[in-house]
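# Analysis of the macromolecular model
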Protein chains: 2
Amino acid sequence: MEVNVQKCCELLREMNDIVILCHRNPDGDTLGSAFALHYILAQLGKRSRIECHDEIPAQYSYMLLDYKKEEFEPKAVVAVDIADEQLFGENLDKYRGKVDLCIDHHGSNKHYAKNWLVRDTAAANCEIIEDICYGFEEAELTKLIADCIYTGVSTDTGCFRYSNTTGHTHAVAGRMFKAGCDFVMINRVMFELKSLSRIAIEKEVLNTVEYHFDKKCALVYITKEMMERTGAIEAELEGVAAMPRQIEGVEVGITLRQRDNGYKISMRTGEEVDASIVCAKLGGGGHRCASGCFVEGDLETAKRTILGVVGESIGEKE
Amino acid sequence: MEVNVQKCCELLREMNDIVILCHRNPDGDTLGSAFALHYILAQLGKRSRIECHDEIPAQYSYMLLDYKKEEFEPKAVVAVDIADEQLFGENLDKYRGKVDLCIDHHGSNKHYAKNWLVRDTAAANCEIIEDICYGFEEAELTKLIADCIYTGVSTDTGCFRYSNTTGHTHAVAGRMFKAGCDFVMINRVMFELKSLSRIAIEKEVLNTVEYHFDKKCALVYITKEMMERTGAIEAELEGVAAMPRQIEGVEVGITLRQRDNGYKISMRTGEEVDASIVCAKLGGGGHRCASGCFVEGDLETAKRTILGVVGESIGEKE
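All values derive from a computational prediction rather than experimental measurement.

What follows covers the interface of chain A and chain B. Listed per partner, the contact involves 35 residues of chain A and 35 residues of chain B. Of the roughly 3,500 Å² buried at the junction of chain A and chain B (both faces included), carbon and sulfur atoms supply 60%. Along the contact surface separating chain A from chain B lie 2 salt bridges. Taking the shortest distance from any N to any O, the salt bridge between Glu192(A) and Arg161(B) comes out at 3.7 Å. Counting the contacts that link chain A with chain B gives 8 residue pairs in polar contact (both at pLDDT 80 or more). For the side of chain A that touches chain B, the secondary-structure elements that each account for two or more residues are α6 (167-178), α7 (183-192) and α8 (196-206) of chain A. With 6 residues, α7(A) is the largest single contributor of residues to the side of chain A that touches chain B. Residues of the side of chain A that touches chain B, tallied by class, amount to 16 nonpolar, 10 polar and 9 charged.

Rendered as structure tokens:
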């Protein structure tokens, strides 16, 4: 059943010994939602525990300040920021069909829970959690809760840059400031700090930049050998695919990543070229501005193949 | 005389044929303030012209959408985001002692104008311009004015990351969203787009990274030869000095830039080391977390010298 914030709060008030589920590969919004909700529930005298398929990455440790994982037999299950039960990961067997309440901001939510509060106009799920906090008269929006909510809002919008950001997102952030959130530390940890291996792989990737078609196209590549040499892991490549399109004048940015039998290609484009059409020629697809495809073979083959189809599209316009 | 927003609006209402002055090396806040004010004044049927020591950088061209520089003999002069007349640059002789109204957010404002509205709690001067817009009943906060104000707010806070950001800053941004500002384009242009030469110098700089003192210190350098080879200019190095301290675990980030007879050194530090104390040993200074100094001689001499004094500070703590 679909519920509103008020009904959601009533349901939470009836619960106790609650498991709060996060999605696998947890990000700032699912974790911010879970920990903020945990601290809200704690103020209501309720016991809750956060569960996730993956370990909580160390960078989010500031959210755990007042958290102590308690063992208990759950009497209720709440999922936050999870559109689909498949994202439970290893918790799928345990909790499939058993979620009492789902709080989510994905329009694609599968309505797998007994009750769901889904607001797809929210840039971050944490925007909904804020309303839930206000829904309980005895709950205070503490500095720690503000840190959690701000993290969700900031990370899910790329620090207020992505097109999903709204005036409401900024309004939420402003209220978290009033509650004393440590936005300088949070943004530094989320957006500025880079591991030694990330710095090393960035350097390697920059060394591969090549320009084509009168510099309207920039291409970079990442081989397995580069990953091994730098010790970088896949998660550290976030943002690297976007790099070529950040170069002035570049209409088509291409990133090739080596896989077992070929290269996975990410393409970002501006107004002139439709990435989904270009990638479709190689059996891939996606959006107008961001698409992908796969090319079998070695690096030179992959480059030649992708540049061939890009040339057709850029050529048509010249 | 110090004035409030209401008095400021009254003064503007009495003016006509107005020169709006920006500070030299114009940034998003001085330009956003100037163009927003120009468009507000245009709605009141007033003629105004923007003047600046430097050319307006091409990246801000979207602010000029409805702007046509008109020639007229100025009857009034307004300075925006300018703490000191010295920042007039080549306009100093023409306008020194002749500014009727200064709208600024620097606590260090020299009060050189006949009237000044200075609010040092504002992260961006554009926050004050917003209030001035609301001060005129007949002025509408158009999409174009919102683009100008958002630019000032976003650039002066490093996209809401710097410690000067406040809840009010977010509230202003939220209102600019409601007025339809093109925040995705603006942030892309201000924070993501990089010139070919910037990409080239970044790559060169990453190739110089070296770690010292158990990786608690990272050092990079930029020689004249690197600048010449990549075609990069000084303005494109913004952010490069901050790079070494973005590496995880690094407490002391050092950037050396070659000058005629030696190296200019920028130092960024975390909690453990006081950069101002370290730099003072070499005749420099600054803040706890960001300081600088100068070392005469070649690259090896400069490195050895700065690492010597850093070692003393890191050593004391070990």
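Here the focus is the sheet that holds strand β2 (residues 48-51) of chain A. All names here are of chain A. Taken together, the 5 strands give an open sheet; going across it, the order is β2-β1-β3-β4-β5, and neighbouring strands pair in parallel fashion. On the outer flanks of this sheet lie β2 and β5 (115-118), each paired with one strand and no other. Each neighbouring strand pair of the sheet contributes to a mean axis angle of 20°, computed without reference to strand direction. Sitting on the sheet, helix α1 (residues 5-14) touches β3 (76-80), β4 (101-104) and β5, and the angle it makes with β4 is about 140°.

Attention shifts here to the sheet that holds strand β3 (residues 76-80) of chain B. All names here are of chain B. Ordered by their spatial adjacency, 5 strands build an open sheet running β2-β1-β3-β4-β5, and the pairing between neighbours is parallel. Strands at the two margins of the open sheet, each flanked by one partner only, are β2 (48-51) and β5 (115-118). The mean inter-strand angle of the sheet, taken between neighbouring strand axes irrespective of direction, is 20°. Bridging between β3 and strand β4 (residues 101-104) involves 3 bridges; their strand directions are parallel. Pairing of Ala79 across the sheet is with Cys102, part of β4. Seen against the sheet, helix α1 (residues 5-14) touches β3, β4 and β5 and runs at an angle of roughly 140° to β4.

Okay, helix α2 (residues 28-43) of chain A next. All names here are of chain A. With 16 residues, α2 extends 22 Å from end C-alpha to end C-alpha; this agrees with the ideal 22 Å at 1.5 Å per step. Counting buried positions over the 16 residues of α2 gives 14, a clear majority of the element. Where α2 ends, the next residue or the one after it, Gly45, has phi of about 80°, a positive value.

Before going further, it helps to spend a moment on the relation of the copies chain A and chain B. Once chain A has been moved 0.0 Å along the axis and rotated by 180°, it coincides with chain B to within an RMSD of 0.0 Å. Between the two chains, the operation in question is that of a two-fold axis. The residues that chain A uses at the interface reappear at the interface of chain B in 100% of cases, marking a shared surface.

Residue and element names in this part refer to chain A. Mapped onto the elements, Glu85 comes out in the loop between β3 and α3 (92-95). Here Glu85 occupies a buried position and makes no salt bridge, while the nearest side chain of opposite charge, Arg96, is found at 5.4 Å. Among the polar contacts listed, one links the side chain of Glu85 to the backbone nitrogen of Gly97, at a separation of 2.6 Å.

A full pass over the atoms with the stated rule returns 50 salt bridges over all chains. Asp260(B) is the salt-bridge partner of Lys224(B), the closest N and O atoms lying 2.5 Å from each other. Here Asp260(B) lies in the loop between β8 (252-259) and β9 (262-269) and Lys224(B) lies in helix α9 (residues 224-230), a separation of 36 residues in the sequence. Look at Asp260(B) and you get exposed, because its relative accessible area is 72%. Sharing partners across several salt bridges, the network here consists of Arg49(A), Glu51(A), Glu71(A) and Lys94(A).

Attention shifts here to the packing of aromatic side chains. Tallied over the full model, the rule gives 12 aromatic pairs over all chains. Judged by centre distance (5.1 Å) and plane angle (85°), the ring pair of Phe35(A) and Tyr67(A) falls under edge-to-face. Placement of Phe35(A) in helix α2 and of Tyr67(A) in the loop between β2 and β3 is noted, with a sequence separation of 32 residues between them. Among the residues examined, Phe35(A) registers a relative accessible area of 1% and is labelled buried. Residue Tyr67(A) is classed as buried on the basis of its relative accessible area of 15%. Through a chain of ring-to-ring contacts, the aromatic side chains of Tyr150(A), Phe160(A), Phe177(A), Phe183(A), Tyr150(B), Phe160(B), Phe177(B) and Phe183(B) assemble into a single cluster.

All names here are of chain B. In this fold, Phe88 is placed in the loop between β3 and α3 (92-95). Judged by its relative accessible area of 1%, Phe88 is buried. Setting aside chain neighbours within four positions, we find Phe88 in contact with Leu21, His53, Ile82, Tyr95, Arg96, Val99 and Tyr112.

Let's shift gears to the domain arrangement of chain A. According to the domain assignment, chain A consists of domain 1 (5-191) and domain 2 (196-314). Computed over C-alpha atoms, the centres of domain 1 of chain A and domain 2 of chain A are 34 Å apart.

It is worth spelling out the packing of helix α4 (residues 126-135) of chain B against helix α6 (residues 167-178) of chain B at this point. Residues and elements named next belong to chain B. Where α4 meets α6, the axes come as close as 10 Å, and the angle between the chain directions of the two elements is 55°. Here α4 is positioned oblique relative to α6, judged by the angle of their axes. The interaxial crossing formed by α4 with α6 has left-handed handedness. Here Glu127, Glu130 and Tyr134 of α4 come into contact with α6, specifically with His168, Thr169, Val172, Arg175 and Met176. Here the residues of the contact of α4 with α6 are counted per class, giving 3 nonpolar, 2 polar and 3 charged.

Residue and element names in this part refer to chain B. Counting through the fold element by element, Glu137 comes out in the loop between α4 and α5 (143-156). Given a relative accessible area of 82%, Glu137 falls into the exposed group. Separated by 93 residues in the primary sequence, Glu137 and Leu44 place their C-alpha atoms 9.8 Å from one another.

The rules behind each value
Residues numbered from 1 in each chain as written. Chains lettered and ligands numbered in written order. Predicted model: local features only at pLDDT ≥ 70, side-chain atom pairs only at ≥ 80, totals over all residues. Heavy atoms only, no water. Contact = heavy atoms within 4.5 Å. Buried area = accessible area lost by both parts, 1.4 Å probe. Salt bridge = Lys/Arg side-chain N within 4 Å of Asp/Glu carboxyl O. Polar contact = N/O pair within 3.5 Å; in protein donor to acceptor, adjacent residues only side chain to side chain. Helix = DSSP H or I, 4+ residues; strand = E, 2+ residues; numbered from the N terminus. Nonpolar A, V, L, I, M, F, W, Y, C, P; charged D, E, K, R; others polar. Pairing = 2+ DSSP bridges. Axes fitted to C-alpha atoms, helices over the stretch in contact; angles between N-to-C directions. Expected span 1.5 Å × (residues − 1). Buried < 20%, exposed > 50% of the residue type's maximum accessible area, 1.4 Å probe, protein only. Least-squares fit on C-alpha atoms with pLDDT ≥ 70 in both. Lys, Arg positive; Asp, Glu negative; His and termini not counted. Phe/Tyr/Trp six-rings, centres within 6.5 Å; stacked < 30°, edge-to-face > 60°. Domains from an automatic or database assignment. Parallel < 35°, antiparallel > 145°, perpendicular 65-115°, else oblique. Left-handed = near helix turned anticlockwise from the far one by under 90°.

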